[in-house]
Structure formats: structure tokens, C-alpha cells
Amino acid sequence: MTSARAALLIADIGGYTAYMSSHRMTLAHAEVNTARMLDRMISAAPGFDLVEIEGDAAFLSRRVDGRDPDTTVTDVLRTAAAMHRAFHVERHYVATNLCPCGGCKQVGELKLKFVAHVGEVATQTIRGRDKLVGIDVILVHRLLKNSVPIPEYVLMSEALYLTDAGALPDSLGEITPDLEGIGTVRAYFADMAQLDGELPPLPDPSWRGRLGSTLTAVREGLPYMLGRKKPRRQR
């Protein structure tokens, strides 16, 4: 195994469990729509490597090379803002298609949150696939369960915060979660609305775009409806 210092970022779609339904068409389209949103989010983070898709979340990393000044916080916040925008553009695109099923019409209930950390990770290859392991990988995943009182945010570990606190927004919230197997830690969160700034309104798809989005949901959802594809595992 090789080890290195890395920035770790998890983008987690909130409300996914409630979004899923036992109705076959709704389930199929929810799978397709979630996959599309994850794909757009990952494409919006070119500076980070995709480690793994974890159900309704994308786990990404970027090697930290000891640059001076350290821009890790800035890079994380900029990437989170770009992924958040991409998520909402695609969510809006799905919500305005012509399909009446719950998997399409209820997509507006989904939210996006981020947790981020910086630390030492090791790369382990299992059956040809690289995985990140180590206590810092565990820590960033443990932070997903927290008491942050807003639906869309970036939650940063103290280790990440301390790399450049001056680059962070003024109005940060603070929590001290007790993480299983790790203990009490300090973490800081920023509202995504604040990080997005003055962004223009989401574009309204054309009639052709709405029709194309509908046909995509129908075509890609068919294998789920026929039982040829299994729904993603929920965490």
C-alpha cells in the first residue's frame, strides 16, 4: 500500500430514501435520475478523482502536495459550489420533463450536502480496484451523520479548517459530534446558499429538451422495470 496526504470530499444526496418508492416506474426513474445527477456532479469536479459511488453519494479525493500557500480549503469550497450548481441544474431539468411519475415529479425534494476533510490515506488495490483506506477515510464518512440544522451545506473537519481559516466565509456554524470509534471532534459548516453567491436563475429547458429528458428516463429506466438491473444499494 502507498500513503499520501489527500483532501477528501463526499457529496451526499439527501432525501434519497424517501424519494424511492415501491412503485416500479417511480423506482426505475428515480434510479435513472439519481444516476444523471451524480454524473453531472462528478463532471463538475475535474480537480478531484472519483474514488467510489456509494449509493446516493460520490466520494472524491485530491492529493495535497504541500503547496505554499495551501489552497485546499479554497479548492474544496469551489468544487462543492460547482457540484452543487450542476446538481440543481440537472434536478431542475428532470423536474420539468413530461413524465408524471413520482420519480420525476418529486425530484425537487432532493438536497445536496457535502462533508470534507484532509488527512493521510493509503491506497489499497483489491481485485484490480483502488480503494482509499485509513482513519481519515473513516472520519469523513462518520461526519455524514451530524446535527447540522440546514439542508444544504459543506461540513469541514477541524483539520481542513485549520489549513486556511482565512479563506472561509465569516458566518460559519460549529458542531462537536461524537464519532463512533473516534471520539468527539470539532467541525465547521457553511450554508451552500452563501457559497453559491449571486448565481443566475436556473435555465428553463426548451420543449425539445423536456421531451428528450422524458425519453431518456423512459429508455434508461426500462431495464429496472423489467428486473434486468438492480436498484443501487441505499446506505
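Per-chain numbering applies: the sequence of each chain, read as written, is numbered from 1 onward. Totals for whole chains, interfaces and linings use every residue, but because this is a predicted model, local features are given only for residues with pLDDT of at least 70 and side-chain atom pairs only at 80 or more, for both listing and counting. Remark: hydrogens and water are excluded; side-chain values derive from all non-hydrogen atoms of the structure.

Most often, soluble globular proteins keep nonpolar side chains buried together rather than apart. One finds Met41, Met83, Phe114 and Val154 to be the most contacted residues of the largest nonpolar core, which totals 36 residues. Starting at the N terminus, helices and strands are each numbered in turn, a helix being any DSSP run of H or I of at least four residues and a strand any DSSP run of E of at least two. Secondary-structure elements contributing two or more residues to this core are β1 (2-14), α2 (24-43), β3 (57-63), α3 (72-95), β4 (111-126), β6 (153-157) and α7 (192-196). Tallying contributions element by element places α3 first for this core, with 7 residues. In this analysis, two residues are considered to be in contact whenever any of their non-hydrogen atoms come within 4.5 Å of each other. If we skip the residues at most four places from it in the chain, Met41 touches Ala11, Ile13, Met83, Ala86, Phe87 and Leu112. Residues Val148, Ile175, Val185 and Ala187 belong to the second largest nonpolar core, which totals 22 residues. To form a nonpolar core, buried Ala, Val, Leu, Ile, Met, Phe, Trp, Tyr and Cys residues must be joined to one another through side-chain atoms within 4.5 Å. Only protein chains enter the area calculation, which uses a 1.4 Å probe; residues under 20% of their type maximum are buried, those over 50% are exposed, and those in between are partly exposed.

For helix α5 (residues 135-142), the complete set of buried residues consists of Asp136, Val137, Leu139 and Val140. Mapping the buried residues of α5 onto a view down its axis gives an arc of 160°, with all of them on the same face. Where the residues of α5 are buried, they touch β1, β3, β4, β5 (129-133), β6 and β8 (178-179). In this description, the arc belongs to the directions extending from the helix axis to the C-beta atoms.

So, on to a nonpolar patch on the surface. On the surface, a cluster of nonpolar side chains totalling about 410 Å² of accessible area is made up of Leu98, Trp207, Leu211 and Leu215. Residue classification places Leu215 among the partly exposed positions, given a relative accessible area of 49%. Only residues whose relative accessible area exceeds 30% and that form no salt bridge enter a patch; like-charged residues are grouped when within 9 Å of one another, and nonpolar side chains (Val, Leu, Ile, Met, Phe, Trp, Tyr) when within 5 Å. The protein chains shown are the only cover counted for residues, whose accessible areas, like all others here, come from Shrake-Rupley with a 1.4 Å probe. By definition, a salt bridge exists where a carboxyl oxygen of Asp or Glu is found within 4 Å of a side-chain nitrogen of Lys or Arg.

Each Phe, Tyr or Trp ring, with Trp reduced to its six-membered ring, pairs with another whose centre is within 6.5 Å; inter-plane angles below 30 degrees give stacked pairs, above 60 give edge-to-face pairs, and intermediate values give tilted ones. A full pass over the atoms with the stated rule returns 1 aromatic pair. Taking 3.9 Å as the distance between ring centres and 15° as the angle between the ring planes, the aromatic pair formed by Tyr161 and Tyr188 counts as stacked. Highlighted residues: Tyr161 in helix α6 (residues 158-161) and Tyr188 in strand β10 (residues 187-191), separated in sequence by 27 residues. Tyr188 gets classed as buried once you look at its relative accessible area, which sits at 10%.

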